[in-house]
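Structural description and commentary
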Amino acid sequence: MTATEQRPTVPDKTLARHLARRVFGPVLPYVLHLRPAEWPIVAAHTAVGWLLAAGIHWPDGRAWLGIGAWVVALNGGTLALNSAFDRDEGDVAFLHDPPRPPPHLALFATVLMAAGLAATWQLSSGYRGLYVICFAMSVAYSVPPLRLKAIGGADWVINLLGFGTFSPAAAWAIERHSFGGPRALVLWAFAPLFAGLYPLTQIYQMDEDRARGDQTFALWLGRHNSLVVALICTGFGFGMLAMAGWEAGWRGGAGLLRWGALALAAAAWLATLGPWIAEGREWSSGQHQRAMYYALVAWALTDVVVLIGWASL
């Protein structure tokens, strides 16, 4: 038995964890490793693609099915598959005090992702193709011998494509078959934006990743350089959004409001990254983790601004 397997079960520290244990019983570790606390953020970002394609109104059944499968089965399964091989002992994003990975977690995650694909097979070929691509990237990211997560740069590319652009693009494909114009540029802008966010999610875990032997993108760059890359990529993403706004013809009073909203989102990123770059060398892992959640707030604000700017009512 390994040292990790000998680690005692972490007692419930919150009422929510206690109640969840009462509801799910012995299967709770499987549920927790799907990281349901992250689902609202993933669902909101994925739904942006559908709302850009269909306009601002209540999603229909096909949209609920496609977005739900993407969030719970594909994204949740990806995170559980990653946990099965990482065997983290410290906090990970959206999961504090992670339980020991239960037996067969990798099999559970893989079956869940496959079930999501089967459940959505009748949706558009564009959605189905992006699901298959992300399924394959998830396996390549986490599972040896490839385990691209451990190769600095490869992990970055997979995430900026998979979460950044492919997630909202898949929801777009539920509604539309064509992909072009200013809104397509908006969806592609999410790739450099997530290229900036991704290393921020790794900085507080650098010590544990280093101990495990993983050469993640943030470890490859170092803390300060990771933050500089995040700033550059975020700036590039907002440059693409500005180009999309110009192509969409933002003019007059409504245009000024849209430009103001875009500037507000950019300011939220700067308010997070500026102090982090200036003072981060002296920060503890806990401070880096807290700053990462601030960056996620800036990401959520950007999603809202995208809908204000480009979704039709």
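Up top is the structure.
It should be emphasised that the depicted structure is a prediction, and the values quoted were computed from it without experimental measurement.

**Structural notes on the packing of helix α4 (residues 61–86) against helix α5 (residues 105–119)**
Across the interface, α4 lies against α5 with an axial gap of 8 Å and an inter-helix angle of 160°. With respect to each other, α4 and α5 are oriented roughly antiparallel. The two elements α4 and α5 meet at a crossing, and its hand is left-handed. Packed against α4, whose contacting residues are Leu65, Ala69, Val72, Ala73, Leu74, Gly77, Thr78, Ala80, Leu81, Ser83, Ala84 and Phe85, the element α5 presents Leu105, Ala106, Ala109, Thr110, Leu112, Met113, Gly116 and Ala119 at the interface. Taken together, the residues that form the contact of α4 with α5 break down as 15 nonpolar, five polar and no charged.

**Structural notes on the side chain of Asp155**
Position of Asp155 relative to the elements: it lies in helix α7 (residues 154–175). Despite its burial, Asp155 remains without a salt bridge, the nearest opposite charge being carried by Lys149 at 7.9 Å. From its side chain, Asp155 meets the backbone nitrogen of Gly153 in a polar contact 2.9 Å long. A polar contact of 3.0 Å, which involves the side chain of Asp155, links it to the backbone nitrogen of Phe217.

**A word on the environment of Asp209**
Tracing the backbone through its elements, the reader meets Asp209 in helix α9 (residues 206–212). With a relative accessible area of 3%, Asp209 lands in the buried category. In this structure the C-alpha to C-alpha distance between Asp209 and Ala150, which are 59 residues apart in sequence, comes to 8.7 Å. Excluding its chain neighbours within four sequence positions, the residues that come into contact with Asp209 are Gln202, Asp214, Thr216 and Leu219.

**Section: the packing of aromatic side chains**
Any two aromatic rings considered together are summarised by their centre-to-centre distance and by the angle between their planes. Across all of its chains, the model carries 18 aromatic pairs by this definition. Aromatic side chains Tyr30 and Phe108 sit 5.2 Å apart centroid to centroid with 70° between the ring planes, which places their arrangement in the edge-to-face category. In this pair, Tyr30 is assigned in helix α2 (residues 28–32) and Phe108 in helix α5, connecting sequence segments 78 residues apart. With a centroid separation of 4.8 Å and 45° between ring planes, the pair formed by Phe163 and Phe194 is classed as tilted. Here Phe163 is found in helix α7, whereas its partner Phe194 is found in helix α8 (residues 182–200), with 31 residues between them in sequence. Both residues of the pair, Phe163 and Phe194, count as buried. Each residue in the set Phe163, Phe190, Phe194, Tyr198, Trp269 and Trp299 is aromatic and connected to the rest through ring pairs, giving one cluster. Across from the ring centre of Trp121, 4.8 Å away, lies the NZ or CZ of Arg128, which sits over that ring. We note Arg251 situated over the ring of Trp246; from NZ or CZ to the ring centre the distance is 4.3 Å.

**Things to note about helix α6 (residues 125–142)**
In this model, α6 (18 residues) spans 26 Å end to end at C-alpha, consistent with the 26 Å of a helix rising 1.5 Å per residue. Where α6 is concerned, the buried positions are Tyr127, Leu130, Tyr131, Cys134, Phe135, Met137, Ser138, Ala140, Tyr141 and Ser142. Residues of α6 that are buried make contact with α4, α5, α7 and α8.

**Looking at the environment of Gly245**
Counting through the fold element by element, Gly245 comes out in helix α11 (residues 223–247). Residue classification places Gly245 among the buried positions, given a relative accessible area of 0%. Taking the C-alpha atoms as reference points, Gly245 and Leu262, separated by 17 residues in sequence, lie 9.2 Å from one another. Look past the residues within four positions of Gly245 in its chain and what remains in contact with it is Trp250, Trp259 and Trp310.

How each quantity is defined
- Residues numbered from 1 in each chain as written.
- Predicted model: local features only at pLDDT ≥ 70, side-chain atom pairs only at ≥ 80, totals over all residues.
- Heavy atoms only, no water.
- Axes fitted to C-alpha atoms, helices over the stretch in contact; angles between N-to-C directions.
- Helix = DSSP H or I, 4+ residues; strand = E, 2+ residues; numbered from the N terminus.
- Parallel < 35°, antiparallel > 145°, perpendicular 65-115°, else oblique.
- Left-handed = near helix turned anticlockwise from the far one by under 90°.
- Contact = heavy atoms within 4.5 Å.
- Nonpolar A, V, L, I, M, F, W, Y, C, P; charged D, E, K, R; others polar.
- Buried < 20%, exposed > 50% of the residue type's maximum accessible area, 1.4 Å probe, protein only.
- Lys, Arg positive; Asp, Glu negative; His and termini not counted.
- Salt bridge = Lys/Arg side-chain N within 4 Å of Asp/Glu carboxyl O.
- Polar contact = N/O pair within 3.5 Å; in protein donor to acceptor, adjacent residues only side chain to side chain.
- Phe/Tyr/Trp six-rings, centres within 6.5 Å; stacked < 30°, edge-to-face > 60°.
- Lys NZ or Arg CZ within 6 Å of the ring centre and 35° of its normal.
- Expected span 1.5 Å × (residues − 1).

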